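# A closer look at the structure
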Amino acid sequence: MKTKKLLVLTGGGDCPGLNAVIRGIVKSAHSNGNWEVYGSIEAFNGIIKEKTEIVKLTPSKVSGIHVRGGTIIKTTNKGNPLSFPTQSKSGKITYTDISDKLVKKIKKLGFDAVINIGGDGSQAISQALYKKGLPIIGVPKTIDNDLSSTDVTFGFTTAVQIATDAFDKLVTTAHSHNRVMIMEVMGRDAGWIALHTAIAGGAEICLIPEIPFKLDVVISEIKKRYRNGKGFVNIVIAEGAKMGGKIIGKKAEGDQNIKLGGVGLQLRKALEDQGLEPQVRVTTLGHIQRGGTPVAFDRILATAFGVRAFEMAEKGKYGRMVTYVNNKVSDTTLSKAIKEYNFVKKSHYLINTAKKIGVSFGN
Ligand code: F6P
């Protein structure tokens, strides 16, 4: 029987667990015995480049990588084949759709299937390439937990753990100095990391994009705590929370999305401008939330995702994305998977949980 060739790539921002997915794919392909697995370096860029950058992924190459953060085949958020940046001699960047060329090249290189491990942006690319005839399977990844067709993705639990560990440290120093501590966490337009951290860490105030907050409510919550003799306040704020209805961040040339960040600092300034008495300090956690070794749950989920993705390739189930729904690994169509963004709904049970233990959403 002719040996089949599988191409694996990781796209978008990295996330703890990517290596465990790659290992799951490679090991299950090896036990099938009829597939060879290759990795495209830096998402599709490894294929797009004139001199391709493709590495053969063998069991020995992936041995032990499930405990490592990042991705051994690298990633980028600047290689969208539907709008690919090219720089002219004068330095001007133009964007062209090179997807037809890419699909042709992947087929010419003899690949029978592609597994694209990435977030919503990457899976929208998977769907577009699938429509152009590429036999592709998606594996969801994001620390933000913003994909609606899966209950959770690997990376999220690790990010929440990292944020909670940092928050715990801020609580003790807030206590010593009677300060107001603001911790800004990632999550893009969803407040999942902030909400989970607020409950796990015991925040007094949790500010998320889905629940617009009012500065005067935040101030009165802080004052109430000081009046009640609890002389410190810990606030967790999601990077996508809006200050006076405005998203805080900037869009640089070539970026697909606004780079969020800075709302914690803006909140501090606003509190100080209002003459708040206690000192306010801000910690922006940033990419620490995406780095390092994945927690056990994420390693397990990522491995199960990798195994499932390979099984889908074996069965020829293309145009679909792996999911985790009601404690079961399953799959759904890519078109359904990218339809809706997973915002925190006000009716979510964790909003109620947080409120009942006294967390204020500043609204
Ligand atoms: O989507 C993951 C994420 O870490 C977001 O939480 C954050 O807004 C963004 O990526 C940061 O992107 P970059 O690594 O490009 O700065």
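Starting from 1, residues in each chain are numbered consecutively following that chain's sequence as written. Reporting in this predicted model follows two pLDDT cut-offs: at least 70 for local features of residues, and 80 or more for side-chain atom pairs to be given and counted; totals over whole chains, interfaces and linings ignore these cut-offs and use all residues. Only hydrogens and water are removed before side-chain values are computed, so all heavy atoms of the structure are retained for them.

Right, let's get into the overall build of the chain. A tally of helices and strands in the chain yields twelve helices and 15 strands. Principal-axis analysis of the C-alpha atoms gives the chain an extent of 75 × 50 × 35 Å. For the chain, with 363 residues in total, the buried portion stands at 51%. We call two residues in contact whenever any of their non-hydrogen atoms come within 4.5 Å of each other. Residue pairs in contact within the chain that sit at least 24 positions apart in sequence constitute 71% of those at least 6 positions apart. Summing over all exposed atoms, the chain offers an accessible surface of approximately 16,600 Å²; the carbon and sulfur share of this is 51%. Lys and Arg are tallied as positive, Asp and Glu as negative. Neither His nor the chain termini are counted. Charged groups are reduced to one reference atom each: NZ for lysine, CZ for arginine, CG for aspartic acid, CD for glutamic acid. The average position of the 52 basic charges and that of the 31 acidic charges among the side chains of the chain differ by 3 Å. Secondary structure elements are defined from DSSP: runs of H or I of at least 4 residues count as helices, runs of E of at least 2 residues count as strands, and each element is numbered from the N terminus. For each residue, the accessible area found with a 1.4 Å probe, counting protein chains only, is set against the maximum for its type, and the residue is called buried under 20%, exposed over 50%, and partly exposed in between. Here the open area of atoms and residues is found with the Shrake-Rupley method and a 1.4 Å probe, where only the protein chains shown may cover a residue.

A word on the site of the ligand. When we say a residue is near a molecule or strand, we mean one of its heavy atoms is within 4 Å of it. Contacts to the ligand come from Asn77, Ile143, Asp144, Met186, Gly187, Arg188, Glu239, Lys259, His287 and Arg290. One nitrogen or oxygen atom from the main chain of glycine 187 is found 3.1 Å from an oxygen atom belonging to the ligand. Side-chain atoms alone can form a polar contact between residues adjacent in sequence; in general such a contact is a pair of N or O atoms within 3.5 Å, and within protein one must be able to donate a hydrogen while the other accepts it. Within the side chain of arginine 290, a nitrogen or oxygen atom sits 2.9 Å from an oxygen atom of the ligand. Considered class by class, the residues forming the shell around the ligand number two nonpolar, three polar and five charged. Counting contributing residues, the shell around the ligand receives three or more from each of domain 1 (4–154 + 294–337) and domain 2 (159–290). Gly falls in the polar group here, along with every residue not listed as nonpolar (Ala, Val, Leu, Ile, Met, Phe, Trp, Tyr, Cys, Pro) or charged (Asp, Glu, Lys, Arg). A domain assignment, automatic or from a database, supplies the domain bounds used here.

Here we take up the packing of aromatic side chains. In this analysis, rings of Phe, Tyr and Trp, with Trp reduced to its six-membered ring, are considered paired at centre separations within 6.5 Å, and the interplanar angle assigns stacked below 30 degrees, edge-to-face beyond 60, and tilted for intermediate values. Overall, the coordinates contain five aromatic pairs when judged by the stated rule. Judged by centre distance (6.1 Å) and plane angle (75°), the ring pair of phenylalanine 154 and phenylalanine 305 falls under edge-to-face. Taken together, the positions of phenylalanine 154 in the loop between strand S7 (136–140) and helix H6 (156–177) and phenylalanine 305 in helix H10 (residues 296–315) put the pair 151 residues apart, joining distant regions of the chain. Across the pair, phenylalanine 305 and phenylalanine 154 agree in class, each one buried. Geometrically, the ring pair formed by tyrosine 341 and phenylalanine 343 is tilted, given 4.6 Å between the ring centres and 55° between the ring planes.

Our next topic: the sheet that holds strand S10 (residues 233–238). Strand pairing is defined by DSSP finding a minimum of two bridges between the two strands. Taken in spatial order, the four strands of this open sheet run S9-S10-S8-S13, and their pairing is parallel. This sheet does not close on itself; its edge strands, each paired only once, are strand S9 (205–207) and strand S13 (280–284). Neighbouring strand axes in the sheet, compared pairwise and without regard to direction, differ in orientation by 15° on average. Across five bridges, strand S8 (residues 180–185) lies against S13 in parallel orientation. Counted as the bridge partner of glutamate 184 is threonine 284 from S13. Note on geometry: axes are C-alpha line fits, over the in-contact stretch for helices, and angles between N-to-C directions span 0 to 180 degrees. Docked against the sheet, helix H8 (residues 215–227) engages S8, S9 and S10, running at close to 155° with respect to S10.

Below, the discussion takes up the environment of asparagine 19. Within the secondary structure, asparagine 19 is located in helix H1 (residues 18–32). Judged by relative accessible area, which is 0%, asparagine 19 ranks as buried. With near-sequence residues (within four places) excluded, asparagine 19 lies in contact with Ile65, Arg68, Gly69, Gly70, Thr71 and Ile72. From its side chain, asparagine 19 meets the backbone oxygen of glycine 69 in a polar contact 3.2 Å long.

As a further point, take the domain arrangement of the chain. Under the domain assignment used here, the chain contains domain 1 (4–154 + 294–337) and domain 2 (159–290). Once you take the C-alpha centre of each, domain 1 and domain 2 turn out to be 33 Å apart. Residue-level contacts link 15 residues of domain 1 with 15 residues of domain 2. Throughout, buried area stands for the accessible area (probe radius 1.4 Å) lost by two parts on being put together, summed over both. Approximately 1,300 Å² of surface area, both sides summed, lies buried where domain 1 meets domain 2, with 45% of it carried by carbon and sulfur atoms. In the sections that follow, a salt bridge refers to a side-chain nitrogen of Lys or Arg positioned within 4 Å of a carboxyl oxygen of Asp or Glu. The interface formed by domain 1 and domain 2 holds four salt bridges in total. The partner of aspartate 14 in a salt bridge is arginine 290, with the nearest N and O atoms 3.0 Å apart.

Within the structure shown, the criterion is met by 14 salt bridges. Between aspartate 144 and arginine 188 there is a salt bridge; the shortest N-O distance is 3.8 Å. With a gap of 44 residues between them, aspartate 144 in the loop between S7 and H6 and arginine 188 in the loop between S8 and helix H7 (192–201) connect regions that are remote in the sequence. Notably, a salt bridge pairs aspartate 331 with arginine 308, separated by 2.8 Å at the nearest N-O pair. Within this pair, whereas aspartate 331 is found in strand S15 (residues 328–333), its partner arginine 308 is found in helix H10, the two being separated by 23 residues in sequence.

So, on to the sheet that holds S15. With mixed pairing, the seven strands of this open sheet are ordered in space as S3-S2-S1-S6-S7-S14-S15. Two strands lie at the open edges of the sheet, namely strand S3 (54–56) and S15, each paired on one side alone. Along the sheet, successive strands turn relative to each other by an average axial angle of 30°, direction set aside. Note that strand S14 (residues 320–325) and S15 share six bridges and pair antiparallel. Note on S15: the bridge partner recorded for threonine 323 is serine 330.

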